[in-house]
Amino acid sequence: MTERRYEPVTLGEIKELAEVGRPTVSNWRRRHASFPEAIGGSESKPLFDAEEIAGWLDERPVPDGERRPDGTLPTYGERFREGLRLRRLVTLGHGTLGADELIVRALAVAAMEGEGGGSSEDSLPAGLLADFDAADAELLRTVHGLIEDLGDAGAAAEAVLRLAGRLESDLTMDMTPRPVVELIDALAQPVLSTAGPVTMLNLCAGTGDVLLELAAEDGENRVAAVEPDALRRTVLRYRLLAHWAAGETFVCSDPGELDEYRLPFDPFTEPDREPVPQGFPQADLVVADPPYASGERERDEEGPLRWAVETLGRLGEGGKGLVVVPSWTLSRPRGTTGTANTRMREDLLKSGAVEAIVQLPRRIHTFRTGAEHALLVLRGTQPPLADSRVLLIDADRLARRVGDAWQQTVVALLSNAGTPVPQEAQRVPVAGAGPGSSYLLDGRSLLPAHRLAAPEKGLDHFAATVEARRHAYVALPHLKQWIGDLGVGRKEDRAGHFKVGGQLRAGQLRLLPGHRIRESDIGDAGVPVIGREEMLGALPIGERRIMLEDLAAYPQSLMTEQGDVFLLTEHGVRTQVDDAGGCVLLAPVQGLRIAAYRKYLTDLAEGKTVRPEGLWMRPHALARLLAAPRNQQRGSGSLVRRVSVKDMDLPQLPTEEIADLEAVLAEAERHRADVRRQLVALDTLAERLAAGVADGDLRLRKRPDTDPRA
């Protein structure tokens, strides 16, 4: 009888090792006749041959798994086999030994195996021998079994690290996501593939994901890594040793230690040489992925952009820097006083070192679900400020168009091998080239989603508008006269644009925030409240209200005025004009008020002469221009895509054109309201007819003499 390699497994162990739910395992067994038969146990707790289960699961791919380079998906069988190999380690981790301590000792065993066990004690990292000696016989046997199964110590070390999640260790929480690692590797290849040795520095290296992917340690290259956390620094050293990749890698806890770096030498060929601190040389490649959450250290000199500044200081002539930063470091406006973050950001721009800003796809960090990230591409050779331009790439929008090929597209755009789509990538000058020009040193957000906008690609607005007018003419015969009177013409010169944020700072517009009001205070009497439901059309305006005495409990609340514009900027932009005033806004709905509009209405009411140039913008025009396609896709945010009101733009139009646009849009809104009332009446009629028939109280028949076309 052949001896089984693994102990039999229960249904519960299959669930755990394959990382699925218990109902999934039950469904597999009940619905598939090919599911392996039990080899023992009881009816309530059967036992199954582990190898048979693994073979059966090999036929079932993981639907949400990460695709391999050849496009195939991992299988549940692969998960199950790895779980079998690590089962003993999991058991040890749930014992008296802490998860981190277990992982460190297991990695120490893999590291000693990776070094071949023959290195002298002086050449090994401090603590390695102690951690190796602390591993008991069971741990040694388990790790050596992993090495034998997987083929080498490096693969065993990776399997041990994947245990961190199961053992509730936070070691994996700050790991650089695989798609970001692949992007950094692709961008770094032109540097690493140059002839001759390369100097590479990994700032904030974590446990070494990026360093190992780059494979920069080849015996000739000079490599250094900085990691402030002691535990991760230990894991990094042992992981590199397990991969045979740490021979010349200098690992330290602070960038300042790089200045004490001693150039390595061969004691056999240079026996009389004394190691002298030279400082780590200027690097050809510097990478960093600092583990910062959203909003941390905005006013702190040690904030996330400090790593970008450090990268720039460590780059040699012609070198390249790749730094992952939280997107808030780029989106915070400078304001009147500025912060340490905005100062460092502007210093980077003024240096001419920023080659590109790549906004990464949202939710790319598994454990940082509420934060967005961007990749700064820095260059060691800086052009003069007047010539400096930055390539802005919205890889989040890019990924929605090209899927998993977004990294290759980013690389192509940076190497000028790809043709940018204006809404996804544009080169923007750092300094202003004249009045009305768009440039990055204007104190606004640098996030590509906030900056990139362009006319709809391939669209002839004149032809499209004429076609829309023709369709409306046919569909609304009672409005033929009004539609026919609409004059549509081409503009000879394309209009410039200005940002809403600038108009807010100038006092031309006022932003009205939405308020958070308890649901219990909202009823069916009082003043109307406008929330998400009203803006989406799920509830009619006026159905939800709040009494003024209840509203008094919210002293910060504001009442809207006639002509204010409601905005909901989640997953696009929705706008509506308040034609009456007296409403209360519920967050996340906001409002915009045209500062000059109240005086305009007052002058009209008093019979004063009002000229078009007295009002630079009007409500219906403002609402429609804000909701135009060029503003719809400016959203950012990992969980909910929101468009920043301050980063929307408006065309610079003469006041008479704004007045004409307002007149047309206001009349169109009145006609839309009439059509909506007709639709509501038809919907109500159909609803009552169906309800009466459903309850058995009505019988419908068509009159034979009725002409449906009459």
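Residues numbered from 1 in each chain as written. Predicted model: local features only at pLDDT ≥ 70, side-chain atom pairs only at ≥ 80, totals over all residues. Heavy atoms only, no water.

(A) The overall build of the protein chain, seen in detail. Assigned secondary structure in the protein chain consists of 27 helices and 22 strands. Of all 710 residues assigned to the protein chain, the portion counted as buried reaches 45%. For the protein chain, contacts bridging at least 24 residues in sequence account for 69% of all contacts bridging at least 6. (Helix = DSSP H or I, 4+ residues; strand = E, 2+ residues; numbered from the N terminus. Buried < 20%, exposed > 50% of the residue type's maximum accessible area, 1.4 Å probe, protein only. Contact = heavy atoms within 4.5 Å.)

(B) Looking closely at the environment of Val-20. Among the structural elements, Val-20 can be located in the loop between α1 (11-18) and α2 (22-31). The exposure class of Val-20 is buried, given its relative accessible area of 15%. Sequence-wise, Val-20 and Tyr-76 are 56 residues apart; in three dimensions their C-alpha atoms are separated by 8.9 Å. If sequence neighbours within four positions are ignored, Val-20 has contacts with Lys-15, Val-25, Trp-28 and Tyr-76.

(C) Up close: the packing of aromatic side chains. Evaluated as defined, the whole model comprises six aromatic pairs. Residues Trp-28 and Tyr-76 carry aromatic rings whose centres are separated by 5.4 Å and whose planes lie at 65° to one another, so their mutual orientation is edge-to-face. Linking Trp-28 in helix α2 with Tyr-76 in helix α4 (residues 76-93), this pair joins segments that are 48 residues apart in sequence. Of the residues examined, Trp-28 reaches a relative accessible area of 9% and is grouped as buried. A centroid spacing of 5.0 Å and a plane angle of 70° characterise the contact between Phe-35 and Trp-56, whose relative ring orientation is edge-to-face. Of this pair, Phe-35 sits in the loop between α2 and β1 (40-41) while Trp-56 sits in helix α3 (residues 50-57), and the two are 21 residues apart along the sequence. Across the pair, Trp-56 and Phe-35 agree in class, each one buried. Three or more aromatic residues joined by ring pairs make a cluster, and in this case those are Trp-28, Phe-35, Phe-48, Trp-56 and Tyr-76. (Phe/Tyr/Trp six-rings, centres within 6.5 Å; stacked < 30°, edge-to-face > 60°.)

(D) Representation of the layout of surface pockets. By volume, the second largest pocket is sized at about 2300 Å³. For the second largest pocket, the lining is made up of 46 residues, of which Gly-65, Glu-66, Arg-162, Arg-178 and Pro-179 are closest to its centre. Breaking the lining of the second largest pocket down by element, the ones donating at least two residues are α4, α8 (153-161), α9 (163-166), α10 (178-192), α11 (209-214) and α17 (406-414). Taken together, the residues of the lining of the second largest pocket break down into 18 nonpolar, ten polar and 18 charged. (1 Å grid on protein atoms, 1.4 Å probe; cavity = no way out; pocket = protein on both sides within 12 Å on 5 of 7 lines; lining within 4 Å. Points joined across faces, edges and corners; volume = space filled by probe spheres on them. Nonpolar A, V, L, I, M, F, W, Y, C, P; charged D, E, K, R; others polar.)

(E) Representation of the sheet that holds strand β9 (residues 373-379). If you walk across this open sheet you meet the nine strands as β5-β4-β3-β6-β7-β9-β8-β10-β11, and the pairing is mixed. With partners counted over all chains shown, the strands left at the sheet margins are β5 (250-252) and β11 (425-429), one partner each. Neighbour-to-neighbour, the strand axes of this sheet turn through a mean angle of 15°, independent of strand direction. In terms of strand pairing, strand β8 (residues 354-359) meets β9 through five bridges, oriented antiparallel. By the bridge assignment, Val-358 is partnered in β9 with Leu-375. Those strands touched by α10 are β6 (283-288), β7 (315-326) and β9, and its axis lies near 175° from that of β7. (Pairing = 2+ DSSP bridges. Axes fitted to C-alpha atoms, helices over the stretch in contact; angles between N-to-C directions.)

(F) Summary view of α8. Of all nine residues in α8, eight are buried; the element is thus mostly enclosed. Within α8, the full set of buried residues consists of Ala-153, Gly-154, Ala-156, Ala-157, Glu-158, Ala-159, Val-160 and Leu-161. With a side-chain oxygen positioned 2.9 Å from the backbone nitrogen of Gly-154, the residue opening α8 is Asp-152. (Polar contact = N/O pair within 3.5 Å; in protein donor to acceptor, adjacent residues only side chain to side chain.)

(G) Quick peek at the pairing of strand β19 (residues 590-594). The element β19 is extensively covered by neighbouring structure, given that four of its five residues are classed as buried. Strand direction decides the pairing type here: strand β13 (residues 509-512) and β19, joined by four bridges, are antiparallel. Considered in β19, the bridge of Leu-511 is made with Leu-592. Taken together, the three bridges between strand β16 (residues 565-568) and β19 define a ladder with antiparallel strand orientation. Across the sheet, Leu-567 pairs through a bridge with Gln-590, a residue of β19.

(H) Spatial organisation of the packing of α1 against α2. At their nearest, the axes of α1 and α2 sit 9 Å apart, and the two run at 115° to each other. Considering the relative orientation of α1 and α2, their crossing is right-handed. The residues of α2 that touch α1, namely those facing Leu-11, Gly-12, Ile-14 and Lys-15, are Arg-22, Val-25 and Arg-29. Within the contact of α1 with α2, the residues separate by chemical class into three nonpolar, one polar and three charged. (Left-handed = near helix turned anticlockwise from the far one by under 90°.)

(I) Expanded view of empty space enclosed by the protein. Across all of its chains, the model carries one cavity of 30 Å³ or more by this definition. For the largest cavity, the calculated volume is near 50 Å³. Along the walls of the largest cavity sit Leu-305, Leu-330, Arg-345, Leu-348, Leu-349, Val-354, Ile-357, Leu-376 and Leu-446, which together make up its complete lining. Sorting the residues of the lining of the largest cavity by element identifies α15 (340-351) and β8 as the ones contributing at least two each. Looking at the lining of the largest cavity, the element that brings in the most residues is α15, giving three residues.

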